[in-house]
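Structural description and commentary
Chain by chain, the residues run as shown.
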Amino acid sequence: MKTSLFRPFAALLLATPLFFASCNDDKDPEPEADNEFITTVRYTLRPTSGTGQAVTAEWKDVDGAGGNAPTISTITLAPNTTYTGTIEFLDETKTPADNITEEIREENDEHLVVYTLNPTSLMTITRTDKDGKGFDVGLTTTVQTNAAASGNLTIQLRHQPGTKDGTAGPGSDDANVTFPVVLR
């Protein structure tokens, strides 16, 4: 009699871990998209008048944060002039350098380039490209300078997978760099 009670009890003990394991609702978390590794931000501005030279400013920090200080160009533009702008993001730790701009263009529903001027009266920057939902991307711009002055331009590349709403708020920075600006 003791043997016949022991076998069902033993079977129940062996099956219990399997029951609880199958009831586990936890799903493997979705891997989050990593931020881009960017060592170089290059902003090129061409006057729309067809006269004058293109201006290319570059922010570069190949050894990353905490190493040597980045090299930063000054953006020198003519006052009261309209320019078209294109921006590139590169990872120059690789050989050849990895141009991340095309990846950003392909994943434009996850990225927003934010241009912040100090002072705001320096010039007006308008993003001219859109993603599939009609939100700005910012890889191309139109820039209208004002009177001669100087200040700073901060450029952020916001990584907003699944959260992009047309504002700078959601997500995190892939890049956050500041250029001095001179209008003369």
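Let us look at the structure shown here. These figures come from a predicted structure and were not determined experimentally.

With that settled, the discussion passes to the sheet that holds strand β11 (residues 172–183). The strand order β4-β11-β10-β7 describes an open sheet built from four strands, whose pairing is mixed. The outermost strands of the open sheet, each flanked by one partner alone, are β4 (75–77) and β7 (111–118). Strand after strand, the sheet turns through a mean of 25° between neighbouring axes, direction not considered. Pairing of β7 with strand β10 (residues 149–159), which is carried by eight bridges, proceeds in the antiparallel orientation. Residue pairing in the sheet places Y115 in a bridge with I155 of β10.

Bridge analysis of strand β1 (residues 40–47) against strand β5 (residues 82–91) gives eight bridges, and the strand direction is antiparallel. When the sheet's bridge partners are listed, P47 is paired in β5 with Y83. In terms of strand pairing, β5 meets strand β9 (residues 140–145) through five bridges, oriented antiparallel. Paired with Y83 across the two strands is V143, which belongs to β9. For β5 and strand β6 (residues 98–99), the ladder comprises two bridges, and the chain directions are antiparallel. Bridge assignment links D91 to a residue of β6, and that residue is D98. Remark: six residues form the turn of the hairpin made by β5 and β6, two consecutive strands paired antiparallel.

Below, the discussion takes up the pattern of salt bridges. Scanning the model with the defined rule gives 11 salt bridges in all. We note a salt bridge from E88 to R42, for which the minimum N-O separation is 3.5 Å. With a gap of 46 residues between them, E88 in strand β5 and R42 in strand β1 connect regions that are remote in the sequence. Overall, E88 belongs to the partly exposed group, its relative accessible area being 26%. Put simply, K94 and D98 hold a salt bridge, and the shortest N to O gap is 3.6 Å. Its relative accessible area of 30% is what places D98 among the partly exposed residues. Residues participating in the shared-partner salt-bridge network are R42, E58, K60, E88 and E92.

Before going further, it helps to spend a moment on the packing of aromatic side chains. By the definition in use, this model includes one aromatic pair. Consider the rings of Y43 and Y115, whose centres lie 5.5 Å apart with planes at 35°: the pair is tilted. Of this pair, Y43 sits in strand β1 while Y115 sits in strand β7, and the two are 72 residues apart along the sequence. Each member of the pair, Y43 as well as Y115, is classed as buried.

What counts as what
- Residues numbered from 1 in each chain as written.
- Predicted model: local features only at pLDDT ≥ 70, side-chain atom pairs only at ≥ 80, totals over all residues.
- Heavy atoms only, no water.
- Pairing = 2+ DSSP bridges.
- Helix = DSSP H or I, 4+ residues; strand = E, 2+ residues; numbered from the N terminus.
- Axes fitted to C-alpha atoms, helices over the stretch in contact; angles between N-to-C directions.
- Salt bridge = Lys/Arg side-chain N within 4 Å of Asp/Glu carboxyl O.
- Buried < 20%, exposed > 50% of the residue type's maximum accessible area, 1.4 Å probe, protein only.
- Phe/Tyr/Trp six-rings, centres within 6.5 Å; stacked < 30°, edge-to-face > 60°.

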